[in-house]
There are 2 protein chains.
Amino acid sequence: MPKQITIKDIAKKTHVSVATVSRVLNDSDCVTDAMRQRVMETVRELGYVPNSIAKSLKTNSTYSIGFLVPDISNHFLISIARTVEDIVSRQKYNLFLCSTGNRADRELDYLKMLLSRNVDGLILNTTGHNDDFILKMNTQIPMVLLNRQVQAEGFHGDLVDTNNHLGCYLLTKQLLSLGHRKIFVVCGPAHLSNSQERFQGFVDAMAEKGICVDEHYPYIYTGDFLMQSGMEAVNHLYEMEDKPTAILSMNNMLTVGILEQLHARNIRVPEQVSLVSYDAINNMDLMVTRPTSATFDTTAIGERLGKAILERIQNPEGENRKFIFDPTIIQGNSLGVPQT
Amino acid sequence: MPKQITIKDIAKKTHVSVATVSRVLNDSDCVTDAMRQRVMETVRELGYVPNSIAKSLKTNSTYSIGFLVPDISNHFLISIARTVEDIVSRQKYNLFLCSTGNRADRELDYLKMLLSRNVDGLILNTTGHNDDFILKMNTQIPMVLLNRQVQAEGFHGDLVDTNNHLGCYLLTKQLLSLGHRKIFVVCGPAHLSNSQERFQGFVDAMAEKGICVDEHYPYIYTGDFLMQSGMEAVNHLYEMEDKPTAILSMNNMLTVGILEQLHARNIRVPEQVSLVSYDAINNMDLMVTRPTSATFDTTAIGERLGKAILERIQNPEGENRKFIFDPTIIQGNSLGVPQT
DNA sequence: CCGCAATTTGTAAACGTATTCATTTAACGA
DNA sequence: TCGTTAAATGAATACGTTTACAAATTGCGG
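What you see is a predicted model; the values in this text were computed from it and never measured. (Residues numbered from 1 in each chain as written. Chains lettered and ligands numbered in written order. Predicted model: local features only at pLDDT ≥ 70, side-chain atom pairs only at ≥ 80, totals over all residues. Heavy atoms only, no water.)

This brings us to the domain arrangement of chain A. Residues and elements named next belong to chain A. Partitioning chain A into structural domains gives domain 1 (7-50), domain 2 (62-162 + 297-325) and domain 3 (164-295). If you look at the interface, domain 2 gives 16 residues, while domain 3 gives 16 residues. Among the residues domain 2 hides against domain 3, the three largest losses belong to Arg148, Gln151 and Thr162. Together they make up 32% of the total. Applying the counting criterion to the domain 2 and domain 3 interface returns zero salt bridges. (Domains from an automatic or database assignment. Contact = heavy atoms within 4.5 Å. Buried area = accessible area lost by both parts, 1.4 Å probe. Salt bridge = Lys/Arg side-chain N within 4 Å of Asp/Glu carboxyl O.)

Once that is clear, we can look at the interface of chain B and chain A. Each partner contributes to the interface: chain B provides 50 residues, whereas chain A provides 49 residues. Both faces considered, chain B and chain A share a buried interface measuring about 4500 Å² in area, 54% of it formed by carbon and sulfur atoms. In this structure, the connection of chain B to chain A is made through 22 residue pairs in polar contact (both at pLDDT 80 or more). Of all the secondary structure elements, the ones that give two or more residues to the side of chain B that touches chain A are helix H4 (52-59), helix H5 (75-89), strand S2 (94-99), helix H6 (104-116) and helix H11 (252-264) of chain B. Among the residues forming the side of chain B that touches chain A, the class breakdown is 23 nonpolar, 17 polar and ten charged. (Polar contact = N/O pair within 3.5 Å; in protein donor to acceptor, adjacent residues only side chain to side chain. Helix = DSSP H or I, 4+ residues; strand = E, 2+ residues; numbered from the N terminus. Nonpolar A, V, L, I, M, F, W, Y, C, P; charged D, E, K, R; others polar.)

This paragraph deals with the relation of the copies chain B and chain A. When chain B is fitted to chain A, the best match, at an RMSD of 0.0 Å, comes from turning it 180° and sliding it 0.0 Å along the axis. Classification of the inter-copy transformation places it as that of a two-fold axis. Interface residue correspondence from chain B to chain A reaches 98%, placing this contact among same-surface, isologous pairings. (Least-squares fit on C-alpha atoms with pLDDT ≥ 70 in both.)

Take the protein's contact with DNA strand D next. Taken together, the neighbourhood of DNA strand D is formed by 26 residues, with Thr20(A), Arg23(A), Ser22(B), Tyr48(B) and Lys58(B) sitting nearest. If you look at DNA strand D and keep only atoms within 4 Å of the protein, 62% of those are sugar or phosphate atoms. Arg23(A) places a polar side-chain atom, nitrogen or oxygen, 2.7 Å from a base nitrogen of DNA strand D. At 3.0 Å from a phosphate oxygen of DNA strand D is found a side-chain nitrogen or oxygen belonging to Asn26(B). Mapped by element, the contributors of at least two residues to the surface near DNA strand D are helix H2 (18-25) and helix H4 (52-59) of chain A together with helix H2 (18-25) and H4 of chain B. Sorting elements by how many residues they give to the surface near DNA strand D places H4(B) first, with four residues. Here the residues of the surface near DNA strand D are counted per class, giving eleven nonpolar, ten polar and five charged. (Near = heavy atom within 4 Å.)

All names here are of chain B. Judged by pairing direction, the sheet is mixed, and its six strands sit side by side in the order S7-S6-S8-S9-S10-S12 without closing on themselves. The open sheet terminates on both sides in strands that have one partner only, identified here as strand S7 (220-222) and strand S12 (328-330). Here the strands of the sheet are splayed against their neighbours by 15° on average, with no regard to which way each runs. Pairing of strand S8 (residues 246-249) with strand S9 (residues 274-278) involves four bridges; the strand directions are parallel. (Pairing = 2+ DSSP bridges. Axes fitted to C-alpha atoms, helices over the stretch in contact; angles between N-to-C directions.)

For the structure on display, the rule yields five cavities of 30 Å³ or more. The calculated volume of the largest cavity comes to roughly 150 Å³. Lining the largest cavity are 14 residues, with Ile53(A), Phe96(A), Arg117(A), Ile53(B) and Arg117(B) sitting closest to its centre. Sorting the residues of the lining of the largest cavity by element identifies H4 of chain A together with H4 of chain B as the ones contributing at least two each. (1 Å grid on protein atoms, 1.4 Å probe; cavity = no way out; pocket = protein on both sides within 12 Å on 5 of 7 lines; lining within 4 Å. Points joined across faces, edges and corners; volume = space filled by probe spheres on them.)

Right, let's get into the packing of aromatic side chains. Given two aromatic rings, one states the distance between the centres and the angle between the planes to describe the pair. All names here are of chain A. For the coordinates displayed, the defined rule picks out eleven aromatic pairs over all chains. Ring plane angle 45° and centroid distance 5.2 Å describe the contact between tyrosine 278 and phenylalanine 296, whose orientation is recorded as tilted. Taken together, the residues span a long stretch of sequence, with tyrosine 278 in strand S9 (residues 274-278) and phenylalanine 296 in the loop between strand S10 (292-295) and helix H12 (298-314) at a distance of 18 residues. In textbook terms, an aromatic cluster arises when at least three aromatic residues are bridged by ring pairs, as seen for Phe199, Phe202, Tyr217 and Tyr219. Across from the ring centre of phenylalanine 323, 4.0 Å away, lies the NZ or CZ of arginine 304, which sits over that ring. (Phe/Tyr/Trp six-rings, centres within 6.5 Å; stacked < 30°, edge-to-face > 60°. Lys NZ or Arg CZ within 6 Å of the ring centre and 35° of its normal.)

Right, let's get into the packing of helix H1 (residues 7-14) of chain A against H2(A). Residues and elements named next belong to chain A. With their axes 8 Å apart at the nearest point, H1 and H2 run at an angle of 110° to one another. Taken together, H1 and H2 sit at an angle that is classed as roughly perpendicular. Judged by the twist between their axes, the crossing of H1 over H2 is right-handed. When H1 is examined against H2, the residues Ile7, Lys8, Ile10 and Ala11 are found in contact with a partner set consisting of Val18, Val21, Ser22 and Leu25. A breakdown of the residues in the contact of H1 with H2 according to their chemical character gives six nonpolar, one polar and one charged. (Parallel < 35°, antiparallel > 145°, perpendicular 65-115°, else oblique. Left-handed = near helix turned anticlockwise from the far one by under 90°.)

With that settled, consider the protein's contact with DNA strand C. Taken together, 25 residues lie around DNA strand C, and Ile7(A), Ser22(A), Tyr48(A), Thr20(B) and Arg23(B) are the ones closest in. The sugar-phosphate share of atoms of DNA strand C within 4 Å of the protein amounts to 60%. Within the backbone of Asn51(A), a nitrogen or oxygen atom sits 3.1 Å from a phosphate oxygen of DNA strand C. In the model, a phosphate oxygen of DNA strand C is placed 3.2 Å from a nitrogen or oxygen of the Thr32(B) main chain. Taken together, the elements giving at least two residues each to the surface near DNA strand C come down to H2 and H4 of chain A together with H2 and H4 of chain B. With four residues, the top contributor of residues to the surface near DNA strand C is H4(A).

So this is what it looks like as structure tokens:
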């Protein structure tokens, strides 16, 4: 591999100092046009490309933003990531998309990596298992959270979230209005704020019909926000003697898993069981089963996220803000009246 | 933002030189155990996290690999990316996933960015519009190509590809065997090697039945590998007077677009038109229309890709290699006999 | 107890850039 | 022409590491 061309080389060739070259390259005003011409000439001639490693070391800013997500297969997140990328790249920032596969250890590795790579800002959709470390990093790096709160005092940063409670409340109401009472709820990890809020939305809707959802309520499955968990939930469900008549899925990955397993078991929706989903699944209109879903404007969310992190980088000491997006319920073909 | 803790700080606090600290941190052998203890003690105490920017500047290696893809929504690519990430992260490399949105200018920006960030290696699935620049970079950075050749002499690196010709040949044969002769072929950009090879597979299969596909063959649509193009192709198709009886889609994004538009126009598959697809679409078994598809083992491809780039980084001067993966045809419910 | 080798530690110079401060040059009115 | 000021350029230092080289320490046979 040939030696890379540095600012020094073009300084020598142009018979100027490295300082002037640097100034030309950074559009400093204190440089004459003739000089700019000459320098840029040799820059082109030698095919110089700046070393942003060195630049970063000096300026202590990398023009990069980390985006930590649990799952790169999640269309909701991908869609948001694309918009965020779009927004921040207009300001010359690069986005590092890091997918942890829902694993806490991987997440910690990534966090350390991003910290040691000196990213200027961080967007976090965490597993919730590294909050202590995140809190430490928080003093060093501006942060914006997506979907999940950091469960600790003293966090400094913004939150962009969907209206978890409302979404699940509405979905549950719809099931109830059809007459469903035995609703099987497939939850995400219990320690996550969004899981809790979604669950609470369910609980509150049920309570309005006088159904108490407590530790004795039988139709609860708790897993990860993964297809795998959705599949397991269905298996679990069909081992019960008193089967539920409807399923409330708390996340799109879960929903896909549930659909896959219902399909594998030849269970028809909504004839045998009704289904509602928090978050939309991809290409829904092409599906045999189109779950009635609480959906969100991922473009709007992405834009807000991108803006928020840029603003925080500009002004790290700003007040904590919350941006909550309300759901739109999309009707599918997954709802029927309960069969007994 | 508080000042970051450097090697110097922990040197001072431990009353040793920065050199020893550095040696401890890099597990150099020439350091006594007692010393290692003492240093690591203060490392933990101060919560030191190494500055990889500075490290990179000195060592001229960033332990990072760039992966340039045209579309982050493409499940085929995402699935590969996940595996690659898995492979390279075992060797402590980080993967930068960059999605160009099929735009040549964005691609060039990303290439420059990756070059200036000194990535150790590059995996490229390009638009084909920046081959000259890539050729220049090629002397600086080890590269592995995915799916698309660089159309120029003197390229140095590996290629991982699917068997484009065979895949389309087999799909076409299957349509022909059902009696289809008027096959509408939806192609990707004509300047890309994989487009060309896929098209040739189609041409050769047709030739075997004595059908000459040349500039007079009416059923050709050329677009980008995007949903949008797939939708436009369908619109184009249904403005023809002598309608084709089958569609061959050359890529999964195109296929989704085609399905969407067929659905929007209420055209039934396979009753009104048959469909085959190069590449599988996601969650196919949940779809109303399951296109018969040439599919590929993305895990195997990802593993090969990851291994290849790591090997190239180890030994940049190695021979050019080609790894071609054969298709598996999955039968869907998208095929019927031609309706006249 | 000395001397020499082997091991461990320290010193200092890089890596490529930005930037302060000093210096040179240009501009211009008197 | 000269002096003054403003503008352009250069010299030198620093960013946080690694690493060649030098120096110090240790071990050990005599």
